[in-house]
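# Architecture and fold: a report
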2 protein chains.
Amino acid sequence: MATYKAPIDDMRFILHDVFDAESVWSSMPGTAEMSQDLADAVLEEAGKVAEGIMFPLNRSGDEEGCQFDDGVVTTPTGFKEAFNALAEGGWTAFSGNPEFGGQGMPKSLAVLFEEMMHSANCSLALYPLLSNGACLAIDAHATEELKQTYLPKIYSGEWSGTMCLTEPHSGTDLGILKTKAEPLADGSYEITGTKIFITGGEHDLTENIIHLVLARLPGAPQGPKGISLFIVPKFLVNEDGSLGERNGAVCGSIEHKMGIKGSATCVMNFDNAKGWLVGEENNGLACMFTMMNYERVSIGLQGLGLGETSYQSAVEYALDRTQGRAATGAQNPDQAADPIIVHGDVRRMLMTMRALNQGGRALAAYLGLQLDIAKFSEDAEARAQAEDRVALLTPVAKAFFTDRGLDTTILGQQVFGGHGYIREWGMEQMVRDVRIAQIYEGTNGIQALDLAGRKVARNKGASMAALIAEIREWLGTEKGKLGDLSEQLEEALVLAETATANLLEQAQEDPNAINALAVEYLDIVGYVLYAWLWARMIAAVDGRDDEFANSKRITAAFYYERLLPKIHSLYAQFKAGSKNIMALAADQF
Amino acid sequence: MATYKAPIDDMRFILHDVFDAESVWSSMPGTAEMSQDLADAVLEEAGKVAEGIMFPLNRSGDEEGCQFDDGVVTTPTGFKEAFNALAEGGWTAFSGNPEFGGQGMPKSLAVLFEEMMHSANCSLALYPLLSNGACLAIDAHATEELKQTYLPKIYSGEWSGTMCLTEPHSGTDLGILKTKAEPLADGSYEITGTKIFITGGEHDLTENIIHLVLARLPGAPQGPKGISLFIVPKFLVNEDGSLGERNGAVCGSIEHKMGIKGSATCVMNFDNAKGWLVGEENNGLACMFTMMNYERVSIGLQGLGLGETSYQSAVEYALDRTQGRAATGAQNPDQAADPIIVHGDVRRMLMTMRALNQGGRALAAYLGLQLDIAKFSEDAEARAQAEDRVALLTPVAKAFFTDRGLDTTILGQQVFGGHGYIREWGMEQMVRDVRIAQIYEGTNGIQALDLAGRKVARNKGASMAALIAEIREWLGTEKGKLGDLSEQLEEALVLAETATANLLEQAQEDPNAINALAVEYLDIVGYVLYAWLWARMIAAVDGRDDEFANSKRITAAFYYERLLPKIHSLYAQFKAGSKNIMALAADQF
């Protein structure tokens, strides 16, 4: 059976030993209250929530799924009680704004908590995570009155939030969406249209659901610059904060999906629903991106979290299941066979999972710290640098964590052999659950395009150059601790630079280049970043000779030998250009 | 929605233009009746069966699944009628021995028919395919009386067959299986034990089910050399061929699986079931391998077939779905957006699928022809060479086709974006269905071990050297038709040789090397073989300037630029050796 224990030791190591997060937190008033001890206590408690409240409902939630009956959505047995327990513990307000009842935890801790939630039960995790994203957008762009009305109730878990973007004919291309908003005399709007794929659009976990809806005002410009953002609550809210009339926001049906079956994916019909503008008119996409950037990191963590659970489960199975003999001779001569962890191919799978999960966790924590600096630093330059880094790395985290999440959950399932294909063991669910993370919140192809186009080509590689400069600076100080890896990391950096230069060159001459080559480019960046983070982990155990330090060294060596070399073939593919990708006429396919 | 049309044009091209199959067939008495025209007619009819009878039940079969009630298994609605139609058309006897009612079709045609069946409905396909494999083992190893009793009824589709190997504690490691066979006075045996994961172990498609069961005789040697093979029918067969008493072979339950839900995966309880020995005592594994080698190729084709359906469906969607604008400017200026096939990243996915599917189809046909030569040639040396080639390539076909089948079905699902995750579109089913093909019939890790250990290291690379020599000989004749690709193919051959030499060297010094490195080795061999087959396809269109020829050239160029380079990173990973794979203590994972 699948098993999960929050990897607190590795999280503490990454936060404290690798990044010295406390020194970052203590340097900024917004996070100054956070200390190493407090962070450890929070992680311990978070681990208990994930293991004890969320994980036990993961398998049953998948089997039972969400049910739809005439506009009413019922979540799987136990989800409501678990959600309430999360809310009571303050976990639904984890990194929320304290001004409105949030816990104000730094993002560098939140990424670790989110990883745990996805590890334990990503269907259940999506309800609070979407709500948190909605709060961010409201907090950043709505009026004080709207904030006061909605934020405290969402943070408290009494209400929840959604993001309503996609329409049947408009997904990746939001510029062509059709939902309409008509201004009313009282300053509110009437929203009419159909949205699809709305996570948590309807459910029984909270008494109200607050939709953030993209729609067009009359006479708005065509395309993405004519879209505005609205708050549309399921129940209107009276002056005193109590619930009023039912609004015209109704769930028409729920989707039958490959996975995340405990998460209600809704068709939402808005029929003259009353809504309130968030931010400026026609600036809705920018406002929504406050939420989407948050969600993209969080969805990346879905890949990482499921990879961790798959890894832990596969390790347990590989230690327990006996089959065949070690190549070096029987390890359990008194039994009929040895545990399969003796076999090189089983270890290859486990080590791959381990190297990717731990490398990804380090990148998530790094990104979390950058998000903290971008939000809380008093130094404008430091904020600007961190914002630039976050913009660059968000698409990498979303796509690379989830693509590698598919790799790792497939490997974990493979370790189980035939049992991996049987539902009751739980390994195939992780593959089904992780698969959506490569698709929603902008497909991974779109993430790659965002990276290669907006974040790299648009500023002529300046953000990427700044990142590589940071890594080189670190390497200059720390290379004495790295042995052979130092040179390999420098080579990987050179390849990343060469690929970036090549991308800029190709993009100048070939309008198709970025779209055709972006995925390989993102993968190169991802593998190079993990190489840096593995180097940082090695540097952090320098001088130690304990088991933990030793296992980090072995896993780092494995990463450099068996995973980093992929960048060479990726670059060979990449530099071939778009010609043969674009050459076939559409009717020849 | 998913769509499927049998790719007859490509199949004809590969059979006739690439391999001149007719000249092979006409040179051997067993296949002399097959001609190009007859083959084309068979392919046309086979395509109708796949498209018209099997494919329409694919989606509904997945939703409905198999039902179990007190030992009785009901297949999805329509499966029985479809199976009967296959039987009436002689399709259940396609490559069966004509002496017992088989159609005697060459394997080079059968691989194409099997690809179609898997493309159309792999759950339904498994029933006749397992039956065919059982017939092969019976035909090769059973007594004349057993053959006369069982083969005609299985070929006719009145009865079906299974292979019963796995037990709860014994899967990959068959040497430790426990099912017992006690000899009876009348020359038959009593079989007792539990088998799991038995495809088609019980169902409602045929009036009798003939199990091939591995079991131990009293006093048999420990391990794989103490296993015998038995025929165990569900209903005993009277002298006159009519059905007699119910035998003690009963389905205890069926598995709830990730996919292939229309295929009944059974726990089979044998309780003093009457059985008959097939082949020599204690030689059961060798007899079963007659069946397993056949099934391994067939399961490889499951990967290929599903990849083809995913490709065709993704192309149709990419031509129809409009979203965004081409990088070179609007292609449909009168509509709100262009079809997504204009985008480089969508094309990257489609071209990857196309290159892998068509390359794989060519390898399947090549392997089919080698199987024909091994079986039908009158030249003993030609038979021996072909047998050697088949032994070498069977694990490659099984693992590489199915691993690439996961890649391609994932890509096809990704082209659909969010719709790819919704069950009704059918794209996620292909991912779920293909996933088992990497696991059953020997996991792909086991296939790689078979290749690297038994087929390469054991004969010091002689079989691989013979294959490379054949490719070089071909290249010597044809390189004038290949342009740049000739040199790249030669480089790939050198890398395959280097990897083989490195494997032999590592294996000599390190007992863990083969197990730890086999998967990368198999992938190198697979990518190099596809490079050869793409070269053969290019050579076959030499001098032609039509659309078909042009699309082959573009796809070949794409393959060489974007997929073949993977061999370099695979080799870098491979040559790093097993040290860091094996270094972590089991309790450090």
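## Topic: the overall build of chain A
Within chain A, the regular secondary structure consists of 18 helices and 11 strands. Relative to the 2.2 N^0.38 estimate, which gives 25 Å for 589 residues, the radius of gyration of chain A is 24 Å and therefore close to what a compact globule would have. Principal-axis analysis of the C-alpha atoms gives chain A an extent of 80 × 60 × 60 Å. Out of the 589 residues in chain A, the part that is buried amounts to 66%. A fraction of 74% describes how many contacts in chain A between residues 6 or more apart in sequence connect residues 24 or more apart. Summed over all atoms, the accessible surface of chain A reaches about 19,600 Å², with 49% contributed by carbon and sulfur.

## What about the domain arrangement of chain A?
Residues and elements named next belong to chain A. For chain A, the domain assignment lists domain 1 (8-141), domain 2 (144-151 + 159-285) and domain 3 (459-582). The centre of domain 1, based on its C-alpha atoms, is set 24 Å off from the matching centre of domain 2. Between domain 1 and domain 2, the contact holds 28 residues from the first and 29 residues from the second. Carbon and sulfur atoms make up 71% of the surface buried where domain 1 meets domain 2, a total of about 2,600 Å² over both sides. Scanning the region where domain 1 abuts domain 2 turns up 1 salt bridge. The partner of lysine 147 in a salt bridge is aspartate 139, with the nearest N and O atoms 3.8 Å apart. Linking domain 1 to domain 2 there are 10 residue pairs in polar contact (both at pLDDT 80 or more). When residues of the side of domain 1 that touches domain 2 are traced back to their parent elements, those giving at least two are helix H4 (58-64), strand S1 (67-69), strand S2 (72-74), helix H5 (79-88) and helix H6 (107-141). Residue contributions to the side of domain 1 that touches domain 2 peak at 12 residues, all from H6.

## Observations regarding the relation of the copies chain B and chain A
Turning chain B through 180° and shifting it by 0.0 Å along the axis lays it on chain A, with an RMSD of 0.0 Å. A rotation of that kind, with that shift, is consistent with a two-fold axis. Judged by C-alpha distance, B:Ser569 is the residue of chain B that lies nearest the rotation axis, at 2.8 Å. The overlap is high: 100% of the interface residues of chain B also sit at the interface in chain A, so the same surface is used on both sides.

## Description of the interface of chain B and chain A
Interface size is often expressed as the accessible area that is lost when the parts come together. Contact with chain B, which involves 91 residues of that partner, is made by 91 residues of chain A. Counting the surface lost from both chain B and chain A, the interface buries some 7,800 Å², and carbon and sulfur atoms represent 57% of this. Between the two partners, chain B and chain A, sit 2 salt bridges. With a shortest N-O distance of 2.6 Å, A:Glu520 and B:Arg562 are connected by a salt bridge. Connecting chain B to chain A are 51 residue pairs in polar contact (both at pLDDT 80 or more). Per element, the largest residue contribution to the side of chain B that touches chain A is 8 residues, and it comes from helix H16 (residues 547-563) of chain B. Counted by class, the side of chain B that touches chain A contains 41 nonpolar, 30 polar and 20 charged residues.

## Section: the side chain of B:Thr309
Inspection of the secondary structure puts B:Thr309 in helix H8 (residues 284-320). Apart from residues no more than four positions distant in its own chain, B:Thr309 is found in contact with B:Thr3, B:Tyr4, B:Phe55, B:Ser119, B:Ala120 and B:Met430.

## Section: the state of the cysteines
One pass over the full model with this rule turns up 0 disulfides over all chains. The structure places no disulfide on A:Cys266, whose sulfur is separated from the nearest cysteine sulfur, that of A:Cys251, by 3.8 Å.

## A few points about the pattern of salt bridges
Applying the stated rule across the entire model yields 62 salt bridges over all chains. Three or more residues are tied together by salt bridges with common partners; here these are A:Arg59, A:Asp62, A:Glu63, A:Arg423, A:Glu428 and A:Arg432.

## Here we look at the packing of helix H14 (residues 485-509) of chain A against helix H17 (residues 566-575) of chain A
All names here are of chain A. At a minimum axis distance of 11 Å, the contact between H14 and H17 shows a crossing angle of 15°. On the basis of their axis angle, the class for H14 and H17 is roughly parallel. The handedness of the crossing between H14 and H17 is left-handed. Across the interface between the two elements, Ala492, Leu495, Thr498, Ala499, Asn502, Leu503 and Gln506 from H14 touch Ile567, His568, Tyr571, Phe574 and Lys575 from H17. Its residues assigned to classes, the contact of H14 with H17 comprises 7 nonpolar, 4 polar and 1 charged.

## Observations regarding the layout of surface pockets
Residues and elements named next belong to chain A. When its volume is computed, the second largest pocket comes out at roughly 990 Å³. Forming the walls of the second largest pocket are 37 residues, and the residues nearest its centre are Lys107, Leu136, Tyr294, Leu371 and Lys375. For the lining of the second largest pocket, the secondary-structure elements that each account for two or more residues are H6, helix H8 (284-320), helix H9 (344-376) and helix H10 (380-415).

## Quick word on helix H17 (residues 566-575) of chain B
For H17(B), the complete set of buried residues consists of B:Ile567, B:Ser569, B:Leu570, B:Tyr571, B:Gln573 and B:Phe574. Considering only its buried residues, H17(B) is in contact with helix H16 (547-563) and H17 of chain A together with helix H14 (485-509) and helix H15 (513-540) of chain B. Positive backbone phi, at 80°, marks B:Gly577, one or two positions downstream of H17(B).

## Details of H14(A)
Residues and elements named next belong to chain A. Taking 1.5 Å per residue, 25 residues should reach 36 Å; H14 reaches 36 Å between its end C-alpha atoms and fits that length. Every buried residue belonging to H14 is among Leu485, Ser486, Leu489, Ala492, Leu493, Leu495, Ala496, Ala499, Thr500, Asn502, Leu503 and Gln506, and all of these are buried. Contacts made by the buried residues of H14 are with helix H12 (444-457), helix H13 (462-478), helix H15 (513-540), H16 and H17.

## Some thoughts on the confidence of the model for chain A
Looking at chain A, pLDDT values average 97 and 100% of them are 70 or higher. For this predicted complex, the interface confidence comes out at an ipTM of 0.98, alongside a pTM of 0.98.

## Structural notes on the packing of aromatic side chains
Aromatic rings considered in pairs are described by the distance between their centres and by the relative angle of their planes. Applying the stated rule across the entire model yields 37 aromatic pairs over all chains. Taking the centre distance of 6.5 Å and the plane angle of 45° together, the rings of B:Phe401 and B:Tyr530 count as tilted. A residue pair is termed long-range when its members are at least 10 positions apart, and B:Phe401 in helix H10 (residues 380-415) and B:Tyr530 in helix H15 qualify at 129 residues. B:Tyr530 shares its class with B:Phe401; the two are buried. An aromatic cluster is defined as three or more aromatic residues linked by ring pairs; in this entry it consists of B:Phe400, B:Phe401, B:Tyr527, B:Tyr530, B:Tyr559 and B:Tyr560. For A:Arg246, the ring lying beneath its charged end belongs to A:Phe235, and the centroid distance is 5.5 Å.

The rules behind these values
- All residue numbers refer to position in the chain's written sequence, counted from 1.
- Each chain gets a letter, beginning with A, and each ligand a number, beginning with 1, in the order they are written.
- Note on the predicted model: pLDDT of at least 70 is required for a residue's local features to be given, and 80 or more for side-chain atom pairs to be given and counted; whole-chain, interface and lining totals, by contrast, use all residues.
- The side-chain values count all of the structure's non-hydrogen atoms but skip hydrogen atoms and water molecules.
- Strands are runs of DSSP state E lasting at least 2 residues, helices are runs of H or I lasting at least 4, and numbering of each runs from the N terminus.
- Here the radius of gyration uses the C-alpha set of atoms, whereas the globule reference equals 2.2 Å times the residue count to the power 0.38.
- Note on classification: 1.4 Å probe, protein chains only; a residue is buried when its accessible area is under 20% of the maximum for its type, exposed when over 50%, partly exposed between these limits.
- Only heavy atoms matter for contacts: two residues are in contact if any of them lie within 4.5 Å across the pair.
- Using a 1.4 Å probe, the Shrake-Rupley method yields the accessible areas, and only the shown protein chains count as cover for residues.
- As annotated, the domain borders come from an automatic or database domain assignment.
- Here the quantity called buried area is the total loss of accessible area, with a 1.4 Å probe, experienced by two parts when brought into contact, counted for both.
- One speaks of a salt bridge when a side-chain nitrogen belonging to Lys or Arg is within 4 Å of a carboxyl oxygen belonging to Asp or Glu.
- Under this definition, polar contacts are N or O atom pairs within 3.5 Å; protein pairs additionally need one hydrogen-donor-capable and one acceptor-capable atom, and for neighbouring residues in sequence, both atoms have to be side-chain atoms.
- To line up the copies, we fit them by least squares on C-alpha atoms, keeping just the residues with pLDDT of at least 70 in both.
- Ten residues, namely Ala, Val, Leu, Ile, Met, Phe, Trp, Tyr, Cys and Pro, are considered nonpolar, four, namely Asp, Glu, Lys and Arg, are considered charged, and the remaining ones, Gly among them, are considered polar.
- Two cysteine sulfur atoms form a disulfide, by the criterion used here, when they sit within 2.5 Å.
- Structural elements are reduced to axes, namely lines fitted to C-alpha atoms, with helices fitted over the stretch in contact, and the angle between N-to-C directions of any two is expressed from 0 to 180 degrees.
- Here the angle decides the label: under 35 degrees means roughly parallel, over 145 means roughly antiparallel, 65 to 115 means roughly perpendicular, and every other value means oblique.
- A crossing counts as left-handed when the near helix is turned anticlockwise from the far one by less than a right angle, and as right-handed when that turn is clockwise.
- Here a cavity denotes grid points, spaced 1 Å and computed from the protein atoms alone, that fit a 1.4 Å probe unable to get out, and a pocket denotes an open set having protein on both sides within 12 Å along at least 5 of 7 lines; residues with an atom within 4 Å of a point are the lining.
- Grid points are joined across faces, edges and corners, and a volume is the space filled by probe spheres set on the points.
- Given a helix with a known number of residues, its expected span is that number minus one, times 1.5 Å.
- Values of pLDDT, the confidence the predictor places in each residue, fall between 0 and 100.
- Classification of ring pairs rests on two measures: the distance between centres of Phe, Tyr or Trp rings, Trp counted by its six-membered ring, which must be within 6.5 Å, and the angle between planes, read as stacked under 30 degrees, edge-to-face over 60 and tilted in between.
- Lysine and arginine charges are scored as sitting over a ring when NZ or CZ, respectively, is within 6 Å of the ring centre and within 35 degrees of the ring normal.

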